[in-house]
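# Fold and geometry: a report
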Amino acid sequence: MKAFKLTLIAAAVTAVVSPLTAQAASTEFDNFTPMTGNTIPVNPGSATPYKLSSPNFTQQTIADRKTQNTLVPGSNSGSWDMIAANETGPDAGRYLFMPFETGSAGVQRIDLWNNNYNSRTTTIVALGTQGFVSGDASLWTPWGGYLTAEESWGASSSKGRLFEVTNATTAAANGGTFIQRSILPRVSHEGLAFDKNNNLYFVDELNGGSVYKYVSANPFATSGDSFFAAGQTFALKVGAGAQFEGTTGPAITGASTWEAITDVNGGVLAGISAQLGDGTIDGRVSADNAAVKGTGFNRPEDMEIQNLDNGNQFLYFTTTDSDTDGNQGTGRSRVYSIDLGTSEVKLFADSNTIDLATGLAAGGEFKNADNLAIDAEGNIYIIEDQDGGVEDVWFAKDADRDGVAESIAKWISLTTQGAESTGLYFDKFNPNKAYINVQHPADGIDRTIELTAAPVPVPGAVWLFGSAIAGMIGLRRRKA
């Protein structure tokens, strides 16, 4: 699988000659054998719910809903969704955060440094706080806050809101300071992503939803109060704009622009912004304005940012319900990339992308792309929105980092009946750790699973060869 990496022997030699280079940030998660076929659904759910593509991958449950509700009855409404960690500040990497995608939503925190299973997980935003529903989005901010948002919006709705937990790492049970950031226009939220300039990207998860960018007047603010005090929101327009991907339309690619839907302070832009009764902006109606012509994608969902060696960045997003040929049985959904340097939108992957396991187009095996994740080496992973038994997580191979995958491969597969995977998150401080949620399983026990990738064992002969070289190097140094 790592054909584009070092061979085992070369790796052993490099480890001896240049140990610092060999130990640079890399991952073993992309060292696997592509899988084929579907799994057998397991009901009730399992504490080890995934079929793994490598014997060097392991999995374990690190939190579950049943335990939480046994310890504190009624504290956990379930449907654990997207995962983020405290990526900066004191104890960076210690905590995982995730909202509940329910009609009475909250936020929980998992302490990865706490070995006590019964005390490591805490609900820090109580169920239904400020009427919070359908918690989905999950993102750590550059200034040290935690963002989540509602995947619920429509005409006359009071939802579609973005919230920040400003004391996410220190909050006691139900003690999270939960602040609505109303400067962002209302949409059905899922993906959130910051680029290197701290522009905040988001989507409207609708059949015809747009992609957005919020540009703060103070992008390097040290608090959410300052970051969200003033700023302008834009909708993505590809080409002439106003297209709708639909379920049978072609991929929407090419040159793009960002069209303003608010003024520079986040207020009403005359003739453009659709203002709601509470003074906030309807992002959906504003993007569809004839003067904006925001491009409509078919259920845009998650987002991920990839850093390139040349300093440029790609923004990736999924469209879960787009259909490549009008036949949902042969493949449905796309993944797009946006070159943030040139603003070119590209088709990253769809059912026509080659399946590494077969050498043929993935077809109906690749369906309903929902979440995205990125590992320590910048590889993109695509998580399907399907029931356990047919749902897979795919690895996308883009060796030249041009925003178009050469191939995709089944990486892990979910076996839990009635469930879907969500929130795959690769640990920013350990390249061989990742976390993923098993949401709404048939047995009702949501789980957070820790995935670990161990190095592939190197044959003894290689180690002997490496040891011999090491010995020769040592002799030469002693003679010097």
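Residues numbered from 1 in each chain as written. Predicted model: local features only at pLDDT ≥ 70, side-chain atom pairs only at ≥ 80, totals over all residues. Heavy atoms only, no water.

As annotated in an unreviewed UniProt entry, the protein carries the name DUF839 domain-containing protein and is attributed to Methylomonas fluvii.

Looking only at helices and strands, one finds six helices and 29 strands in the protein. Taking all 480 residues of the protein together, the buried fraction comes to 56%. Within the protein, counting contacts between residues at least 6 apart in sequence, those at least 24 apart form 58% of the total. Summed over its atoms, the accessible surface of the protein is roughly 18,200 Å², and 53% of this surface lies on carbon and sulfur atoms. (Helix = DSSP H or I, 4+ residues; strand = E, 2+ residues; numbered from the N terminus. Buried < 20%, exposed > 50% of the residue type's maximum accessible area, 1.4 Å probe, protein only. Contact = heavy atoms within 4.5 Å. Areas by Shrake-Rupley, 256 points an atom, 1.4 Å probe, with all protein chains shown as cover.)

Bringing the nonpolar core into the picture now. Counting residues in hydrophobic clusters, the biggest one holds 23 residues, and the most contacted among them are Leu184, Leu192, Leu200, Tyr214 and Phe228. Counting residues per element, the ones that place at least two in this core are strand 7 (135-140), strand 8 (146-150), strand 11 (192-194), strand 12 (200-203) and strand 14 (211-216). In this structure, Leu200 is in contact with Leu139, Leu147, Leu184, Leu192, Ala193, Phe194, Tyr212, Lys213, Tyr214 and Phe228, ignoring residues within four places of it in sequence. In this structure, Phe29, Val393, Ala409 and Phe426 belong to the second largest nonpolar core, which totals 22 residues. (Core = buried A, V, L, I, M, F, W, Y, C linked by side-chain atoms within 4.5 Å.)

Right, let's get into the sheet that holds strand 6 (residues 121-125). If you walk across this open sheet you meet the four strands as 3-4-5-6, and the pairing is antiparallel. Each of the sheet's edge strands pairs with one partner strand only, and the pair in question is strand 3 (84-85) and strand 6. The sheet contact formed by strand 5 (residues 107-111) and strand 6 spans four bridges and is antiparallel. Bridge pairing links Val107 to Val125 in strand 6. (Pairing = 2+ DSSP bridges.)

Below, the discussion takes up the packing of aromatic side chains. Within the structure shown, the criterion is met by 30 aromatic pairs. A ring pair is formed by Phe132 and Phe163, whose centres lie 5.5 Å apart and whose planes are at 70 degrees; its orientation type is edge-to-face. Of the two residues, Phe132 sits in the loop between strand 6 and strand 7 while Phe163 sits in strand 9 (residues 162-165), which places them 31 residues apart along the sequence. Here Phe132 and Phe163 have matching classes, each one buried. Here the aromatic rings of Tyr381 and Phe395 are separated by 5.5 Å at their centres, their planes lie at 75 degrees, and the arrangement is edge-to-face. A residue pair is termed long-range when its members are at least 10 positions apart, and Tyr381 in strand 24 (residues 380-384) and Phe395 in strand 25 (residues 392-397) qualify at 14 residues. An identical accessibility class is assigned to Tyr381 and Phe395; each is buried. Cluster of aromatic residues (ring-pair linked, three or more members): Phe29, Phe32, Phe57, Tyr381, Phe395, Trp411 and Phe426. One cation-aromatic arrangement involves Arg109 over Tyr95; the distance from NZ or CZ to the ring centre is 5.3 Å. In this arrangement the basic side chain of Lys213 is found over the ring face of Phe234, its NZ or CZ atom lying 5.9 Å from the centre. (Phe/Tyr/Trp six-rings, centres within 6.5 Å; stacked < 30°, edge-to-face > 60°. Lys NZ or Arg CZ within 6 Å of the ring centre and 35° of its normal.)

A word on the pattern of salt bridges. With the rule as written, the count across this model stands at 18 salt bridges. When the shortest N-O distance is used, the salt bridge between Arg181 and Glu164 registers 2.8 Å. On the criterion of sequence distance, the pair formed by Arg181 in the loop between strand 10 (178-180) and strand 11 and Glu164 in strand 9 is long-range, its members being 17 residues apart. For the pair Arg181 and Glu164, one class covers both residues: buried. Beyond isolated ion pairs, a larger network of salt bridges with shared partners links Glu205, Arg299, Glu301, Asp321, Arg332 and Asp385. (Salt bridge = Lys/Arg side-chain N within 4 Å of Asp/Glu carboxyl O.)

Mapped onto the elements, Asp398 comes out in the loop between strand 25 and strand 26 (407-414). Of the buried charged residues, Asp398 lacks a salt bridge, with Arg401 as the closest side chain of opposite charge at 5.2 Å. At a separation of 3.3 Å, a polar atom in the side chain of Asp398 contacts the main-chain amide nitrogen of Asp402. If we ignore the near neighbours within four places in the chain, the residues touching Asp398 are Tyr316, Phe348, Gly403, Val404, Ala405 and Glu406. (Lys, Arg positive; Asp, Glu negative; His and termini not counted. Polar contact = N/O pair within 3.5 Å; in protein donor to acceptor, adjacent residues only side chain to side chain.)

With that out of the way, let us pick up the sheet that holds strand 28 (residues 433-439). Strand order in the open sheet formed by four strands is 2-29-28-27, with antiparallel pairing between adjacent strands. At either margin of the open sheet sits one strand with a lone partner, and together these are strand 2 (57-64) and strand 27 (420-426). Adjacent strand axes in the sheet meet at a mean angle of 25 degrees, parallel and antiparallel pairs treated alike. (Axes fitted to C-alpha atoms, helices over the stretch in contact; angles between N-to-C directions.)

In this structure, Ile179 sits in strand 10. Residues Ile179 and Asp225, spaced 46 residues apart in sequence, show a C-alpha to C-alpha distance of 9.3 Å.

This part takes up the side chain of Gln439. Relative to the assigned elements, Gln439 resides in strand 28. Gln439 sits in the buried class, given a relative accessible area of 1%. In terms of polar contacts, Gln439 uses its side chain to reach the side chain of Asp81, at 3.4 Å. If near-sequence neighbours (up to four positions away) are discounted, Gln439 is found in contact with Ser79, Trp80, Asp81, Glu101, Gly418, Ala419, Glu420, Thr422 and Asp446.

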